[in-house]
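Residue-level listing of the chains:
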Amino acid sequence: MEKQVKFVRNVVLGTALAAVGMGSALAQDKVKVGLMLPYTGTFAALGNNITNGFKQYVAENDGKLAGREVEYVVVDDESNPARATEIARRLVTRDKVDVLIGSVHSGVALAAARVAANTKTLMIVPNAGANEITGAQCSPYVFRSSFSAWQPSYAMGEALAKRGVKNVVTLAWKYSFGTESVEGFTEGFTKGGGKIVKDMSLPFPNVEFQPFLTEIAALKPDAVFVFFAGAGAAKFVSDYAAAGLKGSIPLYGPGFLSEDVAAMGGAGEGLQTTLHYADGLNTDRDNAFRTGYAAAYKAQPDVYAVQGYDAAQMYHAGLKASNGDPSKLDDIIKGIRSATIDSPRGSFTLSKAHNPVQDIYLREVKDGKNVVVEVVSAGLEDPARGCNM
């Protein structure tokens with residue numbers, strides 16, 4: 001009887017251990033993705049669209065990346081730089097994510113990128129364009145699937161100078177991305193002979209624009225260049241038109257200004273911006289992406305969805321190079337560095353500083369869409385000033 005009890009105990013224990021081992025194996029078959037994005041506040045729509053784009057690419061690959069099922073850890077960073085370090089550390093140390101995807105706000109991304117570099121955690125930035133991320137703060141562990149602040153703004157500066165525009169007023173939110181957008185525009189514009197009449201700014205996310213609109217009307221520049229995004233951009237464009245400036249002083253900016261066309265109503269019609277994505281590219285790759293996104297989310301994709309989609313593509317390329325092992329970071333990094341990303345925006349590669357080398361389009365708002373006008377800068381590479389990688 002005693003032998004029989006021991007036998008039963010051993011069978012139960014063995015079964016339990018096997019179950020634990022099976023659970024570990026199942027856990028190892030998954031890759032854990034930390035989504036550190038804004039899901040509330042000014043940039044909430046951007047965070048949601050990035051998430052949708054990332055998940056769309058995964059869905060197109062049967063819910064897997066390089067043969068691994070994907071587990072998501074989703075955190076609202078609230079576009080709050082003061083909490084960014086704490087949130088990033090928690091994702092890395094407590095949740096033990098294999099890759100960190102974040103964020104929209106440049107201040108948040110800069111803080112999270114420092115955590116990623118210090119802990120040797122792979123990070124892909126699906127929006128934030130702070131030049132420093134792939135400049136002075138560049139790291140082998142940090143990549144970007146979007147753009148640098150310099151790229152679309154520099155391209156617009158060059159384009160306006162070539163058009164013969166002479167005097168411009170600039171206005172932006174006063175934080176890293178807004179400041180760097182204006183600096184990029186100024187570099188391209190003054191290089192072509194243009195002059196900045198006045199450089200104005202206001203704190204993020206302040207949307208009290210009236211004093212600035214009054215001053216712009218008094219200065220009467222040839223054009224105005226601004227950086228705003230999300231709900232703030234929609235309000236600025238609407239306020240600009242309501243102030244009677246739309247018909248007399250042309251308004252320009254990087255493409256984030258006009259991404260939420262629907263929120264602007266007719267105020268956005270005719271607005272020209274520069275960005276690495278546009279409506280009406282009419283390529284097989286983009287058409288397939290747009291059809292899939294519309295079917296999945298009952299909405300049209302924007303540049304933020306593309307950047308999320310391509311962040312998943314980049315990680316997939318890295319994982320394939322490591323035979324699906326998320327712990328082989330050296331192989332993953334090499335895989336992403338050497339990849340050509342088949343993006344809806346058009347194929348791109350990564351620079352030595354891990355920023356996309358990509359075409360910049362001039363777009364115009366027509367019938368509620370950011371329609372491509374032309375490529376104004378082909379294969380534009382960010383100068384990555386300060387990066388010693």
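Remember, predicted model here, so these are calculated numbers, not experimental data.

A. Quick look at the nonpolar core. Counting residues in each nonpolar core, the largest one holds 92 residues, and the members touching the most others are Leu122, Phe228, Phe236, Leu251 and Tyr315. Here this core takes eleven residues from helix H11 (residues 303-321), the largest share from any one element. Contacts of Leu251, omitting those with residues within four sequence positions, involve Val224, Val226, Phe236, Val237, Tyr240, Leu257, Leu271 and Gln272.

B. Just the sheet that holds strand E2 (residues 64-65), in detail. Strand order in this open sheet of six strands is E2-E3-E1-E4-E5-E6, and the pairing throughout is mixed. Unpaired on one side and paired on the other, E2 and strand E6 (142-144) mark the two borders of the sheet. Of the strand pairs in this sheet, strand E5 (residues 122-125) and E6 are connected by three bridges, and their pairing is parallel. Directly across from Val125, in E6, lies its bridge partner Arg144. Strands in contact with helix H3 (residues 81-94) are strand E1 (30-37), strand E3 (68-76) and strand E4 (99-101); relative to E3, the strand with the most contacts, it is inclined by about 155°. Packing against the sheet, helix H4 (residues 106-119) makes contact with E1, E4, E5 and E6, and its axis sits at approximately 160° to E5.

C. Seen up close, helix H12 (residues 329-337). Those residues of H12 that sit buried are Leu329, Ile332, Ile333, Gly335 and Ile336. Seen from one end, H12 has its buried residues packed into an arc of 160°, which puts them on one side. H12 presents Asp330 and Lys334 as exposed residues on the side facing more than 90 degrees away from its buried surface.

D. Just empty space enclosed by the protein, in detail. Here the structure, examined in full by the defined rule, presents one cavity of 30 Å³ or more. Counted as a void, the largest cavity has a volume near 80 Å³. Contributing to the lining of the largest cavity are 14 residues, with Val104, Asn127, Tyr175, Phe177 and Phe227 lying nearest its centre. Split by residue class, the lining of the largest cavity holds eleven nonpolar, three polar and no charged.

E. Fine view of the state of the cysteines. Enumeration according to the criterion identifies one disulfide in this entry. Across the disulfide, Cys138 is cross-linked to Cys387 (sulfur-sulfur distance 2.2 Å). Linking Cys138 and Cys387, the disulfide has an S-S dihedral of approximately 95° and is accordingly described as right-handed. Here Cys138, found in the loop between E5 and E6, pairs with Cys387, found in the segment after strand E14 (369-380); they are 249 residues apart in sequence, far enough to count as distant. Judged by relative accessible area, which is 15%, Cys138 ranks as buried.

F. How the structure looks around the pattern of salt bridges. A full pass over the atoms with the stated rule returns eleven salt bridges. With a shortest N-O distance of 2.8 Å, Asp310 and Arg345 are connected by a salt bridge. Residue Asp310 is found in helix H11, and its partner Arg345 is found in the loop between H12 and strand E12 (349-350); the two are separated by 35 residues along the sequence. Here Asp310 matches Arg345 in class, with each residue buried. Each of Glu78, Arg83, Glu86 and Arg90 takes part in one network of salt bridges that share partners.

G. Inspection of the packing of H3 against H4 at higher detail. At a closest axis distance of 8 Å, the pairing of H3 and H4 adopts a crossing angle of 35°. Relative to H4, H3 is oriented so that their crossing is right-handed. Contacts from Pro81, Ala84, Thr85, Ala88, Arg89 and Val92 of H3 reach H4 at Gly107, Val108, Ala111, Ala112, Val115 and Thr119.

H. Broad picture of the environment of Asn388. Within the secondary structure, Asn388 sits in the segment after E14. Sequence-wise, Asn388 and Lys246 are 142 residues apart; in three dimensions their C-alpha atoms are separated by 44 Å.

I. Quick peek at H4. For H4, built from 14 residues, the straight-helix expectation of 20 Å at 1.5 Å per residue is met to within 8% by its first-to-last C-alpha distance of 20 Å. Along H4, the positions that sit buried rather than exposed are Ser106, Val108, Ala109, Leu110, Ala111, Ala112, Ala113, Val115 and Ala116. Here the buried face of H4 lies against E1, H3, E4, E5, E6 and helix H6 (176-191). Looking one or two residues past H4, Lys120 carries a phi angle of roughly 55°, positive in sign.

J. Representation of the packing of aromatic side chains within the structure. For the structure on display, the rule yields 25 aromatic pairs. Ring centres of Tyr293 and Tyr297 lie 4.8 Å apart, and the angle between their planes is 50°; on these two criteria the pair is classed as tilted. Here Tyr293 and its partner Tyr297 are both found in helix H10 (residues 284-297), four residues apart, which amounts to about one turn of the helix. Exposure remark for Tyr293: the relative accessible area of 2% places this residue in the buried category. The class of Tyr297 is partly exposed, set by a relative accessible area of 27%.

Conventions we followed
Residues numbered from 1 in each chain as written. Predicted model: local features only at pLDDT ≥ 70, side-chain atom pairs only at ≥ 80, totals over all residues. Heavy atoms only, no water. Core = buried A, V, L, I, M, F, W, Y, C linked by side-chain atoms within 4.5 Å. Buried < 20%, exposed > 50% of the residue type's maximum accessible area, 1.4 Å probe, protein only. Helix = DSSP H or I, 4+ residues; strand = E, 2+ residues; numbered from the N terminus. Contact = heavy atoms within 4.5 Å. Pairing = 2+ DSSP bridges. Axes fitted to C-alpha atoms, helices over the stretch in contact; angles between N-to-C directions. Arc of directions from axis to C-beta. 1 Å grid on protein atoms, 1.4 Å probe; cavity = no way out; pocket = protein on both sides within 12 Å on 5 of 7 lines; lining within 4 Å. Points joined across faces, edges and corners; volume = space filled by probe spheres on them. Nonpolar A, V, L, I, M, F, W, Y, C, P; charged D, E, K, R; others polar. Disulfide = S-S within 2.5 Å. Salt bridge = Lys/Arg side-chain N within 4 Å of Asp/Glu carboxyl O. Left-handed = near helix turned anticlockwise from the far one by under 90°. Expected span 1.5 Å × (residues − 1). Phe/Tyr/Trp six-rings, centres within 6.5 Å; stacked < 30°, edge-to-face > 60°.

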